[in-house]
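# Commentary on secondary and tertiary structure
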Amino acid sequence: MSHRVIRYEPTRPDDAGLRSRLRELASERRRFGYRRLGYLLAREGVKPSHKKLLRIYREEGLAVRKRGGRKRALGTRRPLTLPEEVNQRWSLDFASDSLVCGRRFRMLRVIDDYTRECLALVADTSLSGSRVARELDHLIALRGKPRTVVSDNGTELTSSAILRWSQERRVEWHYIAPGKPQLFFRQNGFVESFNGRLRDECLNETLFSSLSHARSVLAAWKKDYNTVRPHSKLGRKTPAEIAGQAVWGACLYTACHPIKHQS
């Protein structure tokens, strides 16, 4: 065989152990770069070259993100799956509008992602983290406790009042990636879709003369949205009908599968 057609085929050793340990260290030390992670590996007796370490570090997607201008609360960052039952996941967000006099007011929206129900539509000139916690407690008293609450990284939702509430109530709080409500598995897509319907069908169609007027209009629209307005993603049914079917199905399952108490 002519030497001109012979090509060298490089063979690299299996780096599965190094990759696994590097991922473990990066998850424990979220703000460490590849050099500092290399120091930790060296303490354990693993001393790859800096070029090899950088290559694996980049291939595993472990680059440290630059921090923004303020602290952000740490929530779960895993991709969200579609809910399969009532109260499995609530989505929460804010919107704003103005009265005819020009005064601005804000609205808190809480959505059940399974039934698409609007659980709360609270309007006020100011909505702090403590106020949000009180509204969630009111909903829990009426409907029961959710497993997960999804929200963005707003200052009210990353406040100490909300963090304390989630710990005391033992409710998992999931913060979406900053500025990405639709990307990455549609992290807050349900409430964003609801925001569009609320803006198009109610807020853009009404001139609010006062805060009490806004509250009455929003309450009427919320009732119509939950009980009258057909939802295309729900097979043209209303959120209230889906919620009723879910509750009836749960009661029927409980009746057919009674809980056996151990003596």
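Below: a short report on this structure. (Residues numbered from 1 in each chain as written. Predicted model: local features only at pLDDT ≥ 70, side-chain atom pairs only at ≥ 80, totals over all residues. Heavy atoms only, no water.)

### Re the overall build of the protein chain
What the protein chain contains, in helices and strands, is 9 helices and 5 strands. In the protein chain, the order of α-helices and β-strands from amino to carboxyl end is α-α-α-β-β-β-α-β-α-β-α-α-α-α. Here the protein chain holds 263 residues, and the buried ones make up 39% of them. In the protein chain, of all internal contacts separated by at least 6 residues, the share reaching a separation of at least 24 is 59%. Only carbon and sulfur atoms are counted for the fraction: they give 51% of the accessible area of the protein chain, which is about 17,000 Å². (Helix = DSSP H or I, 4+ residues; strand = E, 2+ residues; numbered from the N terminus. Buried < 20%, exposed > 50% of the residue type's maximum accessible area, 1.4 Å probe, protein only. Contact = heavy atoms within 4.5 Å. Areas by Shrake-Rupley, 256 points an atom, 1.4 Å probe, with all protein chains shown as cover.)

### Some thoughts on the nonpolar core
Where a protein is soluble and globular, its nonpolar side chains tend to be buried together. L92, L108, V110, V132, L136 and W173 are the most contacted members of the largest nonpolar core, which totals 21 residues. Counting only elements with at least two residues in this core, the list comes to strand 1 (89–98), strand 2 (104–112), strand 3 (118–124), helix 4 (129–143), helix 5 (160–169) and strand 5 (172–175). No other element matches the 5 residues that helix 4 contributes to this core. With 20 residues, the next largest nonpolar core counts A95, M107, L198 and L218 among its residues. (Core = buried A, V, L, I, M, F, W, Y, C linked by side-chain atoms within 4.5 Å.)

### A word on the packing of aromatic side chains
In this structure the tally under the stated criterion is 7 aromatic pairs. Among the aromatic residues, ring-to-ring pairing joins W165, W173 and Y175 into one connected group. R36 extends its terminal NZ or CZ atom over the ring of F32, reaching a point 5.5 Å from the ring centre. Over the face of the ring belonging to F94 we find R106, whose NZ or CZ atom lies 4.4 Å from the ring centre. (Phe/Tyr/Trp six-rings, centres within 6.5 Å; stacked < 30°, edge-to-face > 60°. Lys NZ or Arg CZ within 6 Å of the ring centre and 35° of its normal.)

### Overview of the environment of N204
Here N204 shows up in the loop between helix 7 (189–201) and helix 8 (211–227). Here the alpha-carbon distance between N204 and D97, two residues 107 residues apart in the chain, equals 9.3 Å.

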